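Letter by letter, the chains look like this.
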Amino acid sequence: MYCCFPEASVVKGFSLLPSVHLRKTSDSYHCAAKLKPTWITHGPTAQRTFLPSQRLSLHGKVDHNNAISTRLNDDQKTMLTTEEETQEIDIMDLDPGMKPYKGHLEYRSRKYKEQKMLIEKHEGSLEKFAQGYLKFGFNREDNAIVYREWAPPAQEAQLIGDFNGWDGTNHKMEKDQFGVWTIKIPDSGGNPAIPHGSKVKFRFKHGNGVWVDRIPAWIKYATVDPAKFAAPYDGVYWDPKPSDRYQFKHPRPPKPKSPRIYEAHVGMSSSEPRVNSYREFADEVLPRIQANNYNTVQLMAVMEHSYYGCFGYHVTNFFGVSSRSGTPEDLKYLIDKAHSLGLWVLMDMVHSHASNNVTDGLNGFDVGQGAQESYFHPGERGYHKLWDSRLFNYANWEVLRFLLSNLRWWLEDFMFDGFRFDGVTSMLYHDHGIDRVFTGNYDEYFSEATNVDAVVYLMLANSVIHNIFPDAIVIAEDVSGMPGLGRTVSERGIGFDYRLAMAIPDKWIDYLKNMTDEKWSMKEITSCLTNRRYTEKCISYAESHDQSIVGDKTIAFSLMDKEMYFGMSCLSKASPTVERGIALHKMIHFITMALGGDGYLNFMGNEFGHPEWIDFPREGNGWSYERCRRQWNLVDADHLRYKFMNEFDRAMNLLDDEFSFLASTKQIVSCASEKEKVIVFERGDLVFVFNFHSTNTYDGYKVGCDLPGKYRVVLDSDAREFGGHGRVAHDVHHFTSPEGIPGVPETNFNNRPNSFQVLAPARTCVVYCRVEEALSSNEDLVGDKEIVGLVAQQKSPEKSVDGLENLAGSRQMKVVEVGDDASED
């Protein structure tokens with residue numbers, strides 16, 4: 001169950017948007033306070049402002065004297081050169097507000113360098129260190145299977161499974177000085193002693209003399225007997241013969257200029273109430289994603305998790321592909337198919353915590369030992385009280401090996417193109433963001449409340465990822481706005497490429513639940529959408545999977561509610577509720593995309609306003625799959641209005657394909673009128689006009705722009721194939737007029753040197769591009785692309801449009817009030 005409780009506070013004149021975010025787990029909820037500190041642009045004289053936030057520690061003073069490694073016993077500190085210690089920190093040049101915290105930044109940078117140098121000294125290189133899967137777990141060496149497991153507290157250990165009748169008497173393991181247990185099992189008769197696909201477990205005896213069976217920590221596949229309710233998982237020895245291994249056929253496509261991300265859950269992607277497979281998703285859902293002009297897929301719940309209802313966030317087996325949807329080879333097929341369609345694939349990476357499940361997960365290796373012999377911190381520090389999960393000890397040598405190797409494993413063996421790191425806020429601070437409202441005070445970023453060990457791990461992780469695959473896209477789910485999170489490690493940043501703009505969906509939830517349309521503030525909307533840290537990129541989204549979970553509502557469901565059940569037929573006139581719902585659904589998603597960040601994210605089904613919510617099988621619903629699916633039949637039905645929202649989603653993605661406005665650093669809001677409910681802004685070479693007024697249509701509305709010339713419509717939410725009324729003419733040239741004194745912004749119109757007039761119908765958004773004079777007298781070109789061609793491509797790939805007149809009326813109309821269809825003048 002997901003709930004959001006938005007609240008607003010103002011710090012030094014800037015609107016901060018914290019809220020409490022609850023995520024359902026097996027026994028509890030994830031909780032993290034949200035805020036997105038950033039910079040605001042309003043016109044050419046905008047100030048770049050940095051807005052940090054606060055975290056206080058529940059654990060008191062941080063112990064900086066913990067051993068760095070369980071692998072090394074020396075107390076020797078790796079000394080940095082004087083030049084390295086005094087090197088200018090680049091992120092302080094970008095944000096002078098960080099200069100008072102130079103000592104903290106130097107301390108964490110020194111910790112990072114010391115850890116990296118120790119790894120290089122004892123392991124060869126950071127990249128080699130991140131190949132732990134070649135040593136640990138099961139590997140083929142010299143015509144034998146070698147199995148290694150790090151379990152320092154074990155007194156004795158055995159390997160058991162189908163291959164030996166679950167009797168480990170003859171397969172005892174040996175322990176080295178670092179707590180690593182090893183066994184080498186020679187082939188028998190030219191065949192591996194452990195057949196591919198057979199079940200295996202690690203059996204060990206701990207200090208109290210009790211023997212326990214655990215799934216190997218580095219296992220690459222784990223399954224459960226579906227015929228037994230609540231049956232424990234078993235590890236599976238996965239080593240198919242070469243002819244059965246999936247071979248990638250397609251290279252990674254070129255890196256997108258800006259990621260337009262389709263967030264998806266494979267298991268719930270079927271239209272039927274069941275768990276969908278990787279291959280079905282690849283063959284049936286990926287083409288839909290490509291058709292809607294997304295360039296990136298973000299897969300949730302890939303790593304094995306024993307409780308389906310946790311949405312994949314309570315990981316039990318970090319190297320194991322979730323067996324519910326198929327095998328590792330099936331997942332490789334999916335990724336290869338995505339690459340063949342020109343799609344990048346990101347993985348939802350959960351390194352912020354691990355499942356509390358003992359029988360099936362990594363937590364089973366904790367038998368009460370100290371921190372240096374465990375994957376997790378002992379006591380309260382190692383337990384997340386709201387998530388009911390275990391917390392990693394990021395200072396531990398073998399934990400670093402395990403997690404860094406996990407990243408390389410998914411990048412190289414499965415050809416993922418990057419990651420979205422979940423729960424980064426929980427990692428960054430000792431209090432995990434619990435019951436914390438961010439105040440914007442830098443003191444609370446750079447203090448003993450910060451978990452420096454976790455920061456160092458994230459720096460190492462981003463270094464490994466980008467060293468192995470420089471083009472990788474890595475996104476942080478951080479609600480705190482940690483300064484430098486989105487800057488490179490070489491600049492003393494933490495190294496992420498993007499952060500999620502998590503305050504934006506909270507703002508829309510607040511407006512939809514608590515305010516009438518008339519009370520929506522245009523300045524508050526633009527402030528929220530543009531409020532992000534300078535030089536640190538964001539992925540914007542109006543709603544993700546969070547708003548789709550039972551107990552909450554999607555934007556479409558909030559807007560139309562029960563009328564989505566019986567009011568979506570095109571065979572009858574739309575009710576005012578449905579008219580409003582479809583219009584605002586398009587506007588909310590589009591302004592979030594166009595103004596909210598440097599990339600965009602949408603959750604599976606929200607592009608067409610999927611009704612109802614997601615409810616995973618659980619005790620409370622009788623373990624039903626009824627609402628754990630996506631009703632693709634709704635958008636495929638030509639007589640239902642869901643198609644209109646889907647067509648507009650396709651068109652707005654195509655607009656970025658053609659104009660790359662998300663990648664543009666030019667973003668200027670020239671108008672945010674509270675009286676007229678109009679927002680006008682420029683992004684890249686485009687001019688966007690949003691009229692949020694519920695009834696007023698403005699004919700001859702004056703909008704400011706940068707460059708002189710003539711402008712034409714390239715996208716119009718009021719076009720008929722988007723469910724609109726076709727009131728805006730698309731074949732009209734809008735010629736600019738100069739404004740004020742050249743070079744004197746205060747004499748211009750809304751601080752813009754030029755202007756032109758448009759028709760702005762109520763509850764619509766229209767985009768204009770500047771038209772270059774073509775060499776041919778019969779063509780108007782936008783760069784090297786025809787406007788007609790661009791608008792025509794907004795329709796489905798299998799359809800075509802011969803002219804603009806097919807999308808809307810050929811004449812502009814005067815309308816003073818909307819409610820009924822517009823009439824021509």
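Residues numbered from 1 in each chain as written. Predicted model: local features only at pLDDT ≥ 70, side-chain atom pairs only at ≥ 80, totals over all residues. Heavy atoms only, no water.

Under an unreviewed UniProt entry, the name given to the chain is 1,4-alpha-glucan branching enzyme, and the organism recorded is Papaver nudicaule.

Looking only at helices and strands, the chain features 17 helices and 38 strands. Evaluated residue by residue, the chain yields a buried proportion of 64% over its 825 residues. Expressed as a percentage of contacts within the chain between residues at least 6 apart in sequence, the contacts between residues at least 24 apart total 73%. (Helix = DSSP H or I, 4+ residues; strand = E, 2+ residues; numbered from the N terminus. Buried < 20%, exposed > 50% of the residue type's maximum accessible area, 1.4 Å probe, protein only. Contact = heavy atoms within 4.5 Å.)

With that out of the way, let us pick up the nonpolar core. Formed by 202 residues in total, the largest nonpolar core has its most connected members in Phe281, Leu299, Tyr375, Trp410, Phe421, Tyr457 and Phe590. Looking at which element gives the most residues to this core, the answer is helix H9 (residues 452–468), with eleven residues. When residues no more than four places from it in sequence are discounted, the contact partners of Tyr375 are Glu149, Trp150, Ala217, Trp218, Leu362, Phe365, Leu391, Phe392, Asn393, Val399 and Phe402. Formed by 18 residues, the second largest nonpolar core is a distinct cluster that contains Val680, Val703, Tyr711 and Val766. (Core = buried A, V, L, I, M, F, W, Y, C linked by side-chain atoms within 4.5 Å.)

What follows concerns the UniProt feature "active site" (unreviewed entry) in the chain. According to UniProt, the "active site" (unreviewed entry) feature falls on Asp422 and Glu477. A maximum C-alpha distance of 5.3 Å places the annotated residues, which cover 56 residues in sequence, within one compact spot. The residue Glu477 is located in the loop between strand E24 (473–476) and strand E25 (498–500) in this model. In this structure the side chain of Glu477 is engaged in a polar contact, spanning 3.2 Å, whose partner is the side chain of Arg420. (UniProt positions renumbered as here; feature names shortened; annotations may be inferred. Polar contact = N/O pair within 3.5 Å; in protein donor to acceptor, adjacent residues only side chain to side chain.)

Let's shift gears to the packing of aromatic side chains. If you walk through the whole model with that rule in mind, you get 58 aromatic pairs. An angle of 15° between the planes, with centres 5.3 Å apart, marks the rings of Phe136 and Trp218 as stacked. Linking Phe136 in the loop between helix H4 (126–129) and strand E6 (137–140) with Trp218 in the loop between strand E12 (211–214) and strand E13 (222–224), this pair joins segments that are 82 residues apart in sequence. On the basis of relative accessible area, Trp218 is assigned to the buried category, the value being 3%. Measuring from centroid to centroid gives 5.3 Å for Phe319 and Phe402, while their planes differ by 75°, and the two rings are edge-to-face. Here Phe319 is found in strand E18 (residues 317–321), whereas its partner Phe402 is found in helix H7 (residues 397–413), with 83 residues between them in sequence. Directly above the ring of Phe414 sits Lys332, whose terminal nitrogen or CZ lies 5.2 Å from the centroid. Over the face of the ring belonging to Phe749 we find Lys702, whose NZ or CZ atom lies 4.7 Å from the ring centre. (Phe/Tyr/Trp six-rings, centres within 6.5 Å; stacked < 30°, edge-to-face > 60°. Lys NZ or Arg CZ within 6 Å of the ring centre and 35° of its normal.)

Let us now look at helix H10 (residues 503–514). Taking 1.5 Å per residue as the helical rise, H10 with its twelve residues ought to reach 16 Å, and the 16 Å between its terminal C-alpha atoms agrees with that figure. Most of H10 is tucked away: ten of the twelve residues are buried. Those residues of H10 lying buried are Ala503, Ile504, Pro505, Asp506, Lys507, Trp508, Ile509, Asp510, Tyr511 and Leu512. (Expected span 1.5 Å × (residues − 1).)

Most of strand E7 (residues 144–150) is tucked away: seven of the seven residues are buried. In E7, alternate side chains face the same way, and those of Ala144, Val146, Arg148 and Trp150 on one face and Ile145, Tyr147 and Glu149 on the other are all buried. As paired elements, E6 and E7 share four bridges and run antiparallel to each other. If you follow Gly137 over to E7, its bridge partner there is Arg148. As consecutive antiparallel partners, E6 and E7 are separated by three residues, and within that stretch Asp142 has a phi angle of approximately 50°, a positive value. (Pairing = 2+ DSSP bridges.)

Between two packed helices, both the angle of their axes relative to each other and the distance between the axes serve to describe the pair. Running from N to C, helix H11 (residues 522–530) and helix H14 (residues 576–595) cross one another at 50°; their axes reach a closest spacing of 9 Å. Of the possible angle classes, the one that applies to H11 and H14 is oblique. In this structure, H11 meets H14 at a crossing whose hand is right-handed. Contacts between H11 and H14 pair Ile525, Thr526, Leu529 and Thr530 from the former with Ile591, Thr592 and Leu595 from the latter. Here the contact of H11 with H14 is built from residues that sort into four nonpolar, three polar and no charged. (Axes fitted to C-alpha atoms, helices over the stretch in contact; angles between N-to-C directions. Parallel < 35°, antiparallel > 145°, perpendicular 65-115°, else oblique. Left-handed = near helix turned anticlockwise from the far one by under 90°. Nonpolar A, V, L, I, M, F, W, Y, C, P; charged D, E, K, R; others polar.)

Turning our eyes to something else, we now look at the environment of Val464. As for its position among the elements, Val464 is in helix H9. In this structure, the C-alpha to C-alpha distance between Val464 and Phe129, residues 335 residues apart in sequence, is 9.6 Å. Here Val464 is in contact with Leu126, Ala130 and Leu404, once residues within four sequence places are set aside.

Ordered by their spatial adjacency, three strands build an open sheet running E31-E35-E34, and the pairing between neighbours is antiparallel. Lying at the two open borders of the sheet, with one neighbouring strand each, are strand E31 (698–705) and strand E34 (737–738). Note: E34 against strand E35 (residues 754–760), two bridges, orientation antiparallel. When the bridges of E35 are listed, Ser737 appears paired with Ser755.

Looking now at helix H3 (residues 102–123). A rise of 1.5 Å per residue sets the reference length of H3, with its 22 residues, at 32 Å; its end C-alpha atoms lie 31 Å apart and thus fit the reference within 8%. Along H3, the residues classified as buried are His104, Leu105, Arg108, Ser109, Lys111, Tyr112, Lys113, Glu114, Gln115, Leu118, Ile119 and Glu123. Note on H3: the residue one or two positions beyond its end, Gly124, has a positive phi of about 100°.

Attention now goes to the sheet that holds strand E22 (residues 389–390). Sheet architecture is open: three strands sit in the order E20-E22-E21, paired in antiparallel fashion. Every other strand in the sheet has two partners, leaving strand E20 (354–355) and strand E21 (383–384) as the edge strands with one partner each. Strand direction decides the pairing type here: E20 and E22, joined by two bridges, are antiparallel. Within E22, the residue paired with Ser355 across the bridge is Ser389.

Where burial is concerned, most of strand E11 (residues 199–205) is hidden: six out of the seven residues are buried. In this sheet, E11 lies alongside strand E8 (residues 156–161) in antiparallel orientation, the contact comprising six bridges. By the bridge assignment, Glu156 is partnered in E11 with Lys205. Examined bridge by bridge, E11 and strand E14 (residues 233–236) share two bridges and lie antiparallel to one another. Within the sheet, the bridge partner assigned to Val200 lies in E14 and is Gly235.

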